[in-house]
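Examining the three-dimensional arrangement
This is what each chain is made of:
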Amino acid sequence: MKAFRAGLPALLAAGLVTGALAQGPLPPAAPARPRPAAPAPPAPDPAFEAARAAFEALPEAERRGLQDALVWTGDYNGVTTGAFGKRSFEGIQTYQTRTGAAPTGLLAPPERAALKREAEEARRASRFKVQPDPASGVVVGVPEALLPRKTAIPGGTRWQSTDGRVTLDTKSFPQGETSLDALFERAIAAMPGRKVTYKLKKPDFIVITAETAGGRSYIRYAEGPQGIRGFTLGYDRALADTVDRLVIAVANNFSPFPEDAPAPTAPTTATGPVPRAPASGMAAAPAAPPLPGMPAEARPAATGLLLGGGRVLTVTSALEACAAPRVGGAAARIERRDAAGSLALLSAEGLAGGAPPPLRAEPVSEGEALLVLGAQAKGRPSVAPATAAVEGVYAPLQPGAGGAPVLDRSGRLVGLVARFPTVPRLIAGVMPPTRYAVVPGKAVAAFLSESGLPAGAGKDVARETAKGAATTLGGAAAPVLDTVVAITCAR
């Protein structure tokens, strides 16, 4: 126990070789060589479709309430958005199996009522209270039965169990005091005996989970006009069966910038205000996951790279089930594919200019730090940290990442994510790091050359990096962000 308590601050503080694909020349334009037909999409599951139709017929508040109830019964570990997917289907089946009902995935009215009763009992037993925290400015759900001790900390509030084995911290920083990049790099920094199990960096939030031999932590920070706000949950791993579901409940009820919330106030003690710790002293108070609390948004079908002249580069696998792709709201057509069937060139009217980032000539070493830029339906692309793996990349990506550019920390193009699974595996509503195949930069360069397009015409930041300054995720990604676009699919 003493060892766990001593290690808890450290726990809270915080973490291609591309295959040499031979690229042969394109066949003559005429006569066109027959292309293999795209694989047919899997046949829909009648049970899933029936369950989805029944679920989506319910009011949104009811759908969200059922997902929240499944969280409290321990049968669902996803986001309570009200959208029905494989995770919701399996959660309902798990609940039905546990209660002795047929696992249809479809909840009849009596089952819905019983589920809500069980969830309410669990929620009441934990004394879960969603409350504003004036010290940090956030709204957060707190299981007060488990965390009865409440104290002020610099920039936030700490809730803790009586034995110190579970700690929930809220934290805030005003604009300019620190940055998401700095917090992220500090949170994923290598530490003896600590393993980062999930890490995600987006323009406006970061999420990190980690484990030690004795504990687990969940970190979440979001950035907005008021600064940076987040929370951290650290707990003894022996309590995982109880606390894991509470982590999901806390995340699903967390709001970093609630409307009409009071500005953060300086916490006080009997002797006066608690001084705010400098950013460099954050080692003992990481925090920050916003995925489970984020509102649902439409996902892009793929990620593309603007080449200029109305052309966009992506991977063919992302377009297999997309008969009518669109880029920036404009209809796009597939202009050509490479001979290997890996890359596709789209063209669309009215697209802004763009240029691919400089291509990396030398091979990537296994274990080298990389990053992946994935398009989002709104806003700037997500920036995910990645690690080079044999013939691919190991990264926590999100749906729509097929075609996402993989860069080294100098901002040079290593390749494109070759494919994203149609049914990704989610843990607590987020995508864990997974190995993805990559279309290497050599193949990209050959395809662009054969298409009469310049390769690697974008801004080269490698020269600055070579001078010895470590490049942050944001610094390496910045020159490329405006060339990454979402490809959607008209249904």
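In every chain, residue numbers begin from 1 and rise along the written sequence. The model is predicted, so local features are restricted to residues of pLDDT at least 70 and side-chain atom pairs to those at 80 or more, both for listing and for counting; the totals for chains, interfaces and linings are taken over all residues. Excluded from the side-chain calculation are hydrogens and water; included are all heavy atoms of the structure.

**Quick look at the overall build of the protein chain**
Strands are runs of DSSP state E lasting at least two residues, helices are runs of H or I lasting at least four, and both sets are numbered from the N terminus onward. A tally of helices and strands in the protein chain yields 10 helices and 23 strands. As displayed, the protein chain offers around 21,600 Å² of accessible surface, 57% of which is attributable to carbon and sulfur atoms. Only the protein chains shown count as cover for residues, and the accessible areas themselves come from Shrake-Rupley with a 1.4 Å probe.

**Quick word on helix 8 (residues 441-450)**
Turning to helix 8, its buried residues are Gly-441, Ala-443, Val-444, Phe-447 and Leu-448. For helix 8, the angular spread of buried residues about the axis comes to 155 degrees, placing them on one side. Residues of helix 8 that are exposed and angled more than 90 degrees away from the buried face: Lys-442 and Ser-449. In this description, contact between two residues means that some pair of their heavy atoms is separated by no more than 4.5 Å. The secondary structure elements touched by the buried residues of helix 8 are strand 12 (302-308), strand 13 (311-315), strand 15 (330-337), strand 16 (343-348), strand 21 (413-417) and strand 22 (434-440). At the exit of helix 8 stands Gly-452, carrying a positive phi of roughly 75 degrees. Accessibility here uses a 1.4 Å probe with only protein chains present; expressed as a share of the type maximum, an area under 20% marks a residue as buried, one over 50% as exposed, and anything in between as partly exposed. Taking the helix axis as origin, the arc is that swept by the directions to the C-beta atoms.

**Side note on the sheet that holds strand 8 (residues 215-224)**
Strands qualify as paired when DSSP identifies two bridges or more between them. On the basis of which strands lie adjacent, the open sheet formed by 7 strands has the order 3-4-5-9-8-7-6 and antiparallel pairing. Every other strand in the sheet has two partners, leaving strand 3 (149-153) and strand 6 (195-202) as the edge strands with one partner each. Taken pair by pair, the neighbouring strands of this sheet meet at an average axis angle of 10 degrees, ignoring direction. Here 8 bridges tie strand 5 (residues 166-173) to strand 9 (residues 227-236), and the two strands are oriented antiparallel to one another. Paired with Thr-170 across the two strands is Phe-231, which belongs to strand 9. Helix axes use the C-alpha atoms of the stretch in contact, all axes being lines fitted to C-alpha atoms, and the angles between their N-to-C directions lie in the range 0 to 180 degrees. Across the sheet, helix 6 (residues 180-188) touches strand 5, strand 6, strand 7 (205-211), strand 8 and strand 9, and the angle it forms with strand 6 is around 165 degrees. Across the sheet, helix 7 (residues 240-252) is in contact with strand 5, strand 8 and strand 9; its angle to strand 9 comes to roughly 165 degrees.

**A word on the confidence of the model for the protein chain**
With 76% of its residues at a pLDDT of at least 70, the protein chain reaches an overall mean of 78. pLDDT measures how confident the predictor is about each residue, on a scale from 0 to 100. Low pLDDT, under 50, characterises residues 1-29; the stretch is placed with 98 contacts to residues that sit more than four places away or in other chains. The model gives residues 458-470 a pLDDT under 50, and that stretch makes 17 contacts with residues more than four places away or in other chains.

**Points about the pattern of salt bridges**
The term salt bridge refers to a pairing of a side-chain nitrogen on Lys or Arg with a carboxyl oxygen on Asp or Glu at a separation within 4 Å. Applying the stated criterion to the full structure yields 24 salt bridges. Salt-bridge contacts for Asp-169 lead to Arg-158; the nearest nitrogen and oxygen are separated by 2.8 Å. Placement of Asp-169 in strand 5 and of Arg-158 in strand 4 (residues 156-160) is noted, with a sequence separation of 11 residues between them. Its salt-bridge partner being Glu-211, residue Arg-237 comes within 3.4 Å of it at the nearest N-O pair. In this pair, Arg-237 sits in the loop between strand 9 and helix 7 while Glu-211 sits in strand 7, placing the two residues 26 residues apart along the sequence. Under the relative-accessibility criterion, Glu-211 is labelled partly exposed at 24%. Through salt bridges with shared partners, a single network forms among Arg-360, Glu-362, Glu-368, Asp-408 and Arg-412.

**Focus: the sheet that holds strand 23 (residues 484-489)**
If you trace the 6 strands once around the closed barrel, you get 12-13-16-15-14-23, paired in antiparallel fashion. Averaged over all pairs of adjacent strands, the angle between their axes in this sheet comes to 45 degrees, without regard to strand direction. The pairing of strand 14 (residues 325-327) with strand 15 spans 2 bridges and is classified as antiparallel. Bridge assignment links Val-327 to a residue of strand 15, and that residue is Ala-330. Sitting on the sheet, helix 8 is in contact with strand 12, strand 13, strand 15 and strand 16, with an inclination near 45 degrees to strand 16.

**Concerning the nonpolar core**
As a rule of thumb, nonpolar side chains are buried together in soluble globular proteins. Residue types Ala, Val, Leu, Ile, Met, Phe, Trp, Tyr and Cys, when buried and joined through side-chain atoms within 4.5 Å, form a set referred to as a nonpolar core. Ranked by internal contacts, the top residues of the largest apolar core, which has 60 residues, are Val-140, Leu-168, Leu-370, Val-372, Val-393, Leu-397 and Val-406. The element best represented in this core is helix 7, accounting for 8 residues. Among the nonpolar cores identified, the runner-up in size contains 40 residues, and Leu-306, Ala-348, Leu-351 and Leu-416 belong to it.

**Topic: helix 7**
Residue pairs three or four apart in sequence face the same way in an α-helix, which turns once every 3.6 residues. Expected span, for any helix, means 1.5 Å times one less than how many residues it has. End to end, helix 7 covers 18 Å across 13 residues, agreeing with the expected 18 Å (1.5 Å per residue, within 8%). Residues of helix 7 that are buried make contact with helix 3 (60-72), strand 1 (128-133), strand 2 (138-143), strand 5, strand 8 and strand 9.

**Describing the packing of aromatic side chains**
Each Phe, Tyr or Trp ring, with Trp reduced to its six-membered ring, pairs with another whose centre is within 6.5 Å; inter-plane angles below 30 degrees give stacked pairs, above 60 give edge-to-face pairs, and intermediate values give tilted ones. Within the structure shown, the criterion is met by 9 aromatic pairs. A centroid spacing of 5.0 Å and a plane angle of 75 degrees characterise the contact between Trp-72 and Phe-128, whose relative ring orientation is edge-to-face. In this pair, Trp-72 is assigned in helix 3 and Phe-128 in strand 1, connecting sequence segments 56 residues apart. The same class applies to Trp-72 as to Phe-128, namely buried. The rings of Phe-48, Phe-55, Phe-84 and Phe-89 are connected pair by pair, giving a single aromatic cluster.

**Looking at unusual backbone geometry**
A positive phi angle, close to 50 degrees, is found at Arg-127, a residue other than glycine. Inspection of the secondary structure assignment puts Arg-127 in the loop between helix 5 (109-126) and strand 1.

**Here's the deal with the state of the cysteines**
Note that a disulfide, as used here, is simply two cysteine sulfur atoms within 2.5 Å. Across all of its chains, the model carries 1 disulfide by this definition. Two residues share a disulfide in this structure: Cys-322 and Cys-489, whose sulfurs sit 2.5 Å from each other. One disulfide, between Cys-322 and Cys-489, carries an S-S torsion of 125 degrees and so falls in the right-handed class. Pair noted here: Cys-322 is in the loop between strand 13 and strand 14 and Cys-489 is in strand 23, with a separation of 167 residues, a long-range link. The class for Cys-322 is buried, based on a relative accessible area of 8%. Owing to a relative accessible area of 16%, Cys-489 belongs among the buried residues under this scheme.

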